[in-house]
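Here's the letter readout for the chains.
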Amino acid sequence: MSAEQLTETRIGRLANWNVAIIAITAVVLVIAAASVNSFGTAQNFGFLVLDLLPIALVALPMTLVIVTGEIDLSVASTLGLSSAVMGYLWNANQPIETIIPVCLLLGAVLGAINGFFVTVLGLPSLAVTIGTLALYRGLAFVVLGDGAVADFPAVYTDWVTGTIAGTPIPNVLIVLVVLAVIFGVILHATPIGRAVFAVGASEQAARFAGIRPGRLKFWLYVASGTIAGLAGVLWTLRYSSARADNGAGLELAVVAAVLLGGVSIFGGKGALPGVIAGVVLLGSLQNALRLSDVSNEALNVVTGVLLIASVLGPNLIRRRT
Amino acid sequence: MTAVELPAPKRSSLDVVLRARELGIVLALVLLVAVTTISNPRFLSGQSIRDILLNTAILAVLAVGQAVVVITRNIDLSVGSVLGLSAFTVGTLLQNYPGIPVVFALLVGAGVGAACGVLNGVLVRYGNVPALVVTLGTLYVIRGVTYFWAGGSQINADELPPSFLNFGTADIPWLVILAVVVLVVTAVVLRSYRTGRELYAMGSSPQAAQLAGIPVGRRTIGAFVVSGGLAGLAGVLFAARFGTIDAAAGTGMELNVVAAVVVGGVAVFGGSGTVWGAALGALLLTTIGSALAVLEINQFWQQAIVGGLILLAIGADRLVAVRVAAGLKKRGSHVG
Amino acid sequence: MRKHLPVAVALLALTACGGTTKSSTEGQNTAAPQSTAGQANPNAPLKEGLKIAYLPKQLNNPYTDVEVGGGKVAVDEIKGAYKLVGPNDASASSQVSYINTLIQQQQDVIAVAANDPNAVCPSLNQARKAGIKVITFDSDASKTCRDAFINQATTQGIGESLVKMASELAGGEGEIAVLSATPNATNQNSWIEVMKTELAKPANSKLKLVKIAYGNDEDQKSFTEAQGLLQSYPNLKVIVSPTTVGIAAASRYVSASSYKGKVAITGLGLPNQMRQYVKDGTVKKFALWNPADIGYLAAYAGAAMSSGQITGAQGEKFTAGKLGEYTIGADGEIVLGPPTEFTAENIDKFNF
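In this text the structure is predicted, and so the values were computed from the model without any measurement.

Trainee: In this structure, what is going on with the overall build of chain A? I would like to understand it.
Mentor: Along its length, chain A carries 14 helices and two strands. Seen through its principal axes, chain A has C-alpha atoms that stretch 55 × 50 × 35 Å. Burial status across chain A gives 60% buried among its 321 residues. The contacts in chain A between residues at least 6 apart in sequence include a share of 79% that link residues at least 24 apart.

Trainee: Please explain the overall build of chain C as it appears in this structure.
Mentor: Regarding its fold elements, chain C presents 11 helices and 14 strands. Taking 2.2 N^0.38 as the reference for a compact globule, 352 residues should give roughly 20 Å; the C-alpha atoms of chain C span a radius of gyration of 22 Å, in line with that estimate. Based on the C-alpha atoms only, the size of chain C along its principal axes is roughly 60 × 60 × 40 Å. Evaluated residue by residue, chain C yields a buried proportion of 57% over its 352 residues. For chain C, contacts bridging at least 24 residues in sequence account for 73% of all contacts bridging at least 6.

Trainee: What am I meant to see in the environment of V189 of chain B here?
Mentor: All names here are of chain B. Locating V189 in the fold gives a position in helix α7 (residues 174-192). Owing to 17 C-beta atoms within 10 Å, V189 belongs among the partly exposed residues under this scheme. Other than its neighbours up to four places away in sequence, V189 contacts T195 and G196.

Trainee: Sorry if this is basic, but what is going on with the interface of chain C and chain A here?
Mentor: How big an interface is tends to be stated in terms of the accessible area lost upon association of its parts. Counting residues at the interface gives 35 residues for chain C and 38 residues for chain A. Every element with two or more residues in the side of chain C that touches chain A is listed here: α1 (5-16), α2 (22-25), α4 (92-104) and α5 (121-129) of chain C. If one sorts the elements of the side of chain C that touches chain A by residue count, α4 of chain C sits on top with seven residues. In terms of residue class, the side of chain C that touches chain A is made up of 15 nonpolar, 17 polar and three charged.

Trainee: Mind showing me how you'd approach the interface of chain A and chain B here?
Mentor: The partner chain B presents 44 residues to the 43 residues of chain A that form the contact. Listing elements by their share of the side of chain A that touches chain B, those giving two or more residues are α1 (2-6), α6 (125-144), α12 (250-260) and α14 (296-320) of chain A. Its residues assigned to classes, the side of chain A that touches chain B shows 29 nonpolar, 12 polar and two charged.

Trainee: Mind showing me how you'd approach the nonpolar core here?
Mentor: Side chains of nonpolar character tend, in soluble globular proteins, to be buried together. Formed by 332 residues in total, the largest nonpolar core has its most connected members in V61, A63, V64 and I310 of chain B together with A301 of chain C. With 17 residues, helix α3 (residues 42-67) of chain A is the single largest residue contributor to this core. Viewed by domain, this core spans two of them, domain 1 (44-152 + 291-336) and domain 2 (155-288) of chain C, each represented by three or more residues. Sequence-distant contacts of I310 of chain B, defined by excluding residues within four places in its chain, comprise A127, I130, G131 and A134 of chain A together with A259, V262 and V263 of chain B.

Trainee: What is the right way to look at the UniProt feature "transmembrane region" (unreviewed entry) in chain A in this model?
Mentor: Sites flagged by UniProt as "transmembrane region" (unreviewed entry) map to residues 20-39, 45-66, 98-122, 134-152, 172-197, 218-237, 249-267 and 298-317 of chain A. Its end C-alpha atoms 23 Å apart, residues 20-39 of chain A is made of 80% helix and 0% strand.

Trainee: I would appreciate a short explanation of the environment of A277 of chain A in the present structure.
Mentor: Residues and elements named next belong to chain A. Topologically, A277 is positioned in helix α13 (residues 272-291). Accessibility expressed as a C-beta count within 10 Å gives 25 for A277, which makes it buried. Filtering out sequence-adjacent residues up to four positions away, A277 remains in contact with I21, I22, T25 and G261.

Trainee: Even after reading the chapter, I still don't get the sheet that holds strand β2 (residues 81-84) of chain C, so can you show me in this structure?
Mentor: Strand pairing in a sheet is mediated by backbone hydrogen bonds. Such pairs are either parallel or antiparallel. All names here are of chain C. If you trace the six strands from one edge of the open sheet to the other, you get β2-β1-β3-β4-β5-β13, paired in parallel fashion. Each end of this open sheet is capped by a strand with a single partner; those strands are β2 and β13 (333-335). Adjacent strand axes in the sheet meet at a mean angle of 20°, parallel and antiparallel pairs treated alike. As judged from the three bridges shared by strand β5 (residues 148-151) and β13, these two strands associate in the parallel manner. In the strand pairing of β13, I150 is matched with I334. The strands touched by α4 within the sheet are β1 (51-55) and β3 (109-112), with β1 carrying the most contacts at an inclination of about 175°. Its contacts with the sheet place helix α11 (residues 291-306) against β1, β3, β4 (133-137), β5 and β13, and it is angled at close to 160° to β4.

Trainee: In this structure, what is going on with the domain arrangement of chain C? I would like to understand it.
Mentor: Here chain C is partitioned into domain 1 (44-152 + 291-336) and domain 2 (155-288). Of the residues lining the interface, five residues belong to domain 1 of chain C; the matching set on domain 2 of chain C comes to five residues.

Trainee: What's the story with the confidence of the model for chain A in this structure? I'm lost.
Mentor: The predicted coordinates of low-pLDDT regions are not to be read in fine detail. For chain A, the average pLDDT comes to 88, and 93% of its residues sit at 70 or higher. pLDDT under 50 marks residues 1-13 of chain A. Its contacts with residues more than four places away, or in other chains, come to 15 contacts.

Trainee: Even after reading the chapter, I still don't get the packing of α3 of chain A against helix α8 (residues 171-189) of chain A, so can you show me in this structure?
Mentor: For any two helices packed against each other, one specifies the inter-axial angle together with the distance between the axes. All names here are of chain A. At a closest axis distance of 10 Å, the pairing of α3 and α8 adopts a crossing angle of 15°. Comparing their axes, α8 and α3 come out roughly parallel. Two packed elements cross with a definite hand, and for α3 against α8 that hand is left-handed. Note on element contacts: α8 touches α3 through V172, L173, L176, L179, A180, F183 and L187, opposite V49, L50, L53, A56, L57, L60, P61 and L64. Here the contact of α3 with α8 is built from residues that sort into 15 nonpolar, no polar and no charged.

Trainee: Is there a simple way to think about unusual backbone geometry in this case?
Mentor: Peptide bonds are, in most cases, trans, and in most cases residues other than glycine have a negative phi. The phi dihedral of N93 of chain A falls on the positive side, at around 65°, and the residue is not glycine. Relative to the helices and strands, N93 of chain A resides in the loop between α4 (75-91) and α5 (96-120). Using a count of 10 C-beta atoms within 10 Å as the deciding quantity, one classes N93 of chain A as exposed. Its identity is not glycine, yet K79 of chain C carries a phi of approximately 55°, on the positive side. As for its position among the elements, K79 of chain C is in the loop between α3 (62-77) and β2.

Trainee: Would you take a moment to explain the sheet that holds strand β8 (residues 236-241) of chain C for this structure?
Mentor: All names here are of chain C. The four strands are arranged β7-β6-β8-β9 in an open sheet whose pairing can be described as parallel. Each of the sheet's edge strands pairs with one partner strand only, and the pair in question is β7 (207-214) and β9 (264-267). Sheet twist, expressed as the average angle between the axes of neighbouring strands with direction ignored, equals 25°. Bridge count for strand β6 (residues 174-180) against β7 is seven bridges, and the pairing is parallel.

Trainee: Even after reading the chapter, I still don't get α12 of chain A, so can you show me in this structure?
Mentor: One full turn of an α-helix is made of 3.6 residues, so residues set three or four places apart face in the same direction. Summarising burial for α12 of chain A: 10 of the 11 residues are buried, a large majority. Two residues or fewer past α12 of chain A, G262 of chain A is found with a positive phi of approximately 95°.

Trainee: How do you make sense of the confidence of the model for chain C when you look at a structure like this?
Mentor: All names here are of chain C. The predicted model of chain C has a mean per-residue pLDDT of 86, with 91% of residues at 70 or higher. Across residues 13-17 the pLDDT falls below 50, and counting only partners more than four positions away or on other chains, this stretch makes four contacts in the model. For the stretch residues 30-37, pLDDT sits under 50, and the model shows 13 contacts to residues farther than four places along the chain or on other chains. For this predicted complex, the interface score ipTM comes out at 0.82, while the overall pTM is 0.81.

Trainee: It is not clear to me how α13 of chain A should be interpreted in this structure. Could you clarify?
Mentor: For α13 of chain A, built from 20 residues, the straight-helix expectation of 28 Å at 1.5 Å per residue is met to within 8% by its first-to-last C-alpha distance of 28 Å. D293 of chain A sits one or two positions beyond α13 of chain A and adopts a positive phi of about 60°.

Trainee: I'm lost on the packing of helix α4 (residues 102-126) of chain B against helix α10 (residues 216-242) of chain B in this one. Help?
Mentor: Packing of α4 of chain B against α10 of chain B brings their axes to within 6 Å, and their N-to-C directions diverge by 145°. The handedness of the crossing between α4 of chain B and α10 of chain B is right-handed.

Trainee: Quick question: what am I supposed to make of the pairing of β4 of chain C here?
Mentor: Looking along a regular strand, one sees the side chains alternate between the two faces of the sheet. Residue and element names in this part refer to chain C. Where burial is concerned, most of β4 is hidden: five out of the five residues are buried. Burial along β4 is two-sided: K133, I135 and F137 and V134 and T136, pointing in opposite directions, are all buried. Relative to β4, β3 runs parallel, the two sharing four bridges. Bridge pairing links A111 to I135 in β4. Following the chain from β3 across α5 to the adjacent parallel β4, one finds a crossover that is right-handed.

Trainee: It is not clear to me how the environment of E67 of chain C should be interpreted in this structure. Could you clarify?
Mentor: Residues and elements named next belong to chain C. Along the polypeptide, E67 turns up in helix α3. Once the C-alpha coordinates of E67 and G172 are considered, the two residues, 105 residues apart in sequence, prove to be 34 Å apart. Leave out the neighbours within four places in its chain, and E67 touches P56, F137, D138, P291, A292, I294 and G295.

Definitions and limits used
Throughout, a residue's number is its position along its own chain's written sequence, starting from 1. Chain letters and ligand numbers both follow the written order, the letters beginning at A and the numbers at 1. Where totals are concerned, whole chains, interfaces and linings use all residues; where local detail is concerned, this predicted model gives features only for residues with pLDDT of at least 70, and gives and counts side-chain atom pairs only at 80 or more. Secondary structure elements are taken from DSSP: a helix is a run of H or I of four residues or more, a strand is a run of E of two residues or more, and numbering for both begins at the N terminus. Exposed residues have 12 or fewer other C-beta atoms within 10 Å of their own C-beta, buried residues have 20 or more, and residues in between are partly exposed; the C-beta atoms are placed from the backbone. Here the contact rule is simple: place C-beta atoms from the backbone, and any two residues whose C-beta atoms are within 7 Å are in contact. Using C-alpha atoms as the atom set, the radius of gyration is obtained and then compared with a globule rule of 2.2 Å times the number of residues to the power 0.38. Ten residues, namely Ala, Val, Leu, Ile, Met, Phe, Trp, Tyr, Cys and Pro, are considered nonpolar, four, namely Asp, Glu, Lys and Arg, are considered charged, and the remaining ones, Gly among them, are considered polar. Put simply, a nonpolar core is buried Ala, Val, Leu, Ile, Met, Phe, Trp, Tyr and Cys residues tied into one set by C-beta atoms within 7 Å. Throughout the structure description, domain borders are defined by an automatic or database domain assignment. UniProt positions are given in the numbering used here, feature names are shortened, and annotations may be inferred rather than shown by experiment. At least two bridges found by DSSP between two strands are what make those strands a pair. Note on method: axes are straight lines fitted to C-alpha atoms, helices fitted across the in-contact stretch only, with angles between N-to-C directions ranging 0 to 180 degrees. As a per-residue measure, pLDDT tells how confident the predictor is, with possible values from 0 to 100. Oblique is the label for every angle not falling under 35 degrees (roughly parallel), over 145 degrees (roughly antiparallel), or within 65 to 115 degrees (roughly perpendicular). In a left-handed crossing the near helix is turned counterclockwise from the far helix by less than a right angle, and in a right-handed crossing that turn is clockwise. For a helix, the expected span equals 1.5 Å multiplied by the number of residues minus one. Classification remark: right-handed applies to a crossover when, strands pointing away from the viewer, the course from the first strand over the helix to the second runs clockwise.

Okay, here's the thing in structure tokens:
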């Protein structure tokens, strides 16, 4: 509690950073399009969207979870388990029309397990989701072993990698936009969203205001799990390969993108447009650097520095003024 | 000891709880070893025990450092990357100057790690950036720097001086001895020295600690330096034990370390737990790994078991904490 | 709202078509784009300035470095532009991003060692549609999405030679174990299959394969697995490790343990990594092809294809610089040649 108060920041910071990150992202996109060969092509746009899709999807509910002051580190493992189960059921000759909803449901259940530990037992979410990070990933390996299942139907894999007929817009972008709008509206224009901010700012005060923080957080974890399950399905179809290690380590990229988007790790502050900008910034930097033959290593350094700078920068500016 | 007089009366009852907590891990460990040994007596052979202890040594050193940070209500996710950087630094150094004594190698490794720790600590303290964010960032940055430097090169055992490799594999288990020394020294400092108690106070309530005149800033940086330094030391142990070092050494290790600390009963929100527990957690996790191989249980279960164990441990801690709180309240009302 | 999401998606999926299962789609996914090159012209000159990119399983792996090093030599010989890209982790998804990048950069040839035979397929086919020739080496992709595969040696040949070495070291009888890479590693599994067939023959009836362990091609894991093998099987005579990471880790463990001299190690290893263990007597013999030649051959095959000398059809011939003439086998496979056995006598002649 007190640590949060010690580092409590002024409300003004949020809006500023949100605008700043969107501006930075726009500048990076323009510079990349102008200076990096074939960055601005339609085909590359498609690749870019597909590359950042899983991070963007998972970042949506993650934003809400972090705004309430919690965290969900198990998302990438949920994605992996969803993918593994998808492969397992496909091998068991189940129709894919059944498998996909089952995987989403599985994601919801895995999220509910996190929610149960955090809200009902009152355990710290960092520890809980580090535990389920290992647990879910382990189960994914138990389900599918080290093997890969590959022969998913072309109708589905083509849809995921394909574009809307006659346009360069990838099909999956629709899924992303629809979900982003839904989460954006929920967070910024509904009582649920206001409750999310209230709980993040002060759980006790929120409770006095008639909000039930436990129930709210529980359902946010369910949402987080469900979306991770969906991301697992899309990941599997994109690469037409179900593997237990799919998406390993993705949780760090998601958290990095959300924090870069101006969401406070202590909760109570953040906005979805900033998060989207954060995801796009990381994704396009990665894409542009790769096209310029800059090595992976540089990318790691850039991600890390950006992450620290996103919190450090506003703090330092505030201190000076 | 003025700063810690407040919790002093409670210490006896808390001590009992903490002992019970560590006893739980010991019991789990004994049970695991018993079951495995019954199924395959060679599990308790000298060579096998030696292997487990050697493997534990590295994780235990990391876990001790992590525990110090976690007790202050912070976290250090960069330890895996720091281990990699230190291992590669020392490996390169020994490759070029094979005459360097092992002690010097250990100091260099710890120094590299401590420098990373200073970076983390300063950012947390003066940048006002949460430890989770800082160390997640430095996890990327330090690993990236290592990759930059190492490129595709790998240091093989035959490029390292035999005296150094002997340090990792000799009949006298130096790694284990070193880990025990680190453990005991840290435990004593945390248990019986003012600085150590101040770390607990900071973890229990950073605000109160500051008001009580504890130099919170210096102590925070100190905790990160200890964690970084020990991660650097672990990097040297890693190099000596495995003899093959590339830029990826220690990738993903942070999760095992945090798992060991949490299983060992150090509360993620600071203020409680011991380094003994953290080291026992490391021993338990390593033994599980070896036992699964010997019991011929599918290796894939290992990660799931570790995950389950973390949930079990924090669940149990919560239960104990609720009981203790209730007990203290009762006693408090009698006194008051 | 969110609760209805699964239902909505399910409905969406259901309306798309009714009940797509594995068996109902069997064989449908094998359609590959036809090679853009029409007829092969064996006399076409090798083009200069070809852009040849290598995408190994991962960077920073000593074996891979040797392979692509050979590739660079060959690309320089044919006056092409060499490029090396790749992930730091051996994952298929990061390889896909790199393939996409290479398409954008309009390379002429992509030489790739696939981390997953299928996951890289859609991207590789996209590359082929864009006129890029795809040569796999080291680890094949599904044959519907590459133009040719450089096979380091025939599966049969490697399996046989592994059993032969194991039998010699065990003195013809006793327990042997295998320490492999990952359980789904295509190469290792096919070699192990041949080994099993070989071991079933009467000549090898006294050799008993007691366990196949997996070190996941991680040094530390292989080390621990070797440890586990020796604990579980006290009478073990030979550990056969058909992967460079595994054999090095197992040798390092045994050389510093009480098992040294009692248990023999053999398999496939890099001479530079193994030199120490051969000299200290832990390892008597092991085998490998020259990895540099794989990368070298891949460059020539790609260049020949890009220049129109070959199309990837069976029976076509091309010349690969110092390695001489090669003939394309069934399914576009090009076999490098037999592996070399290394012993204390000859190991110092090799430097890779």
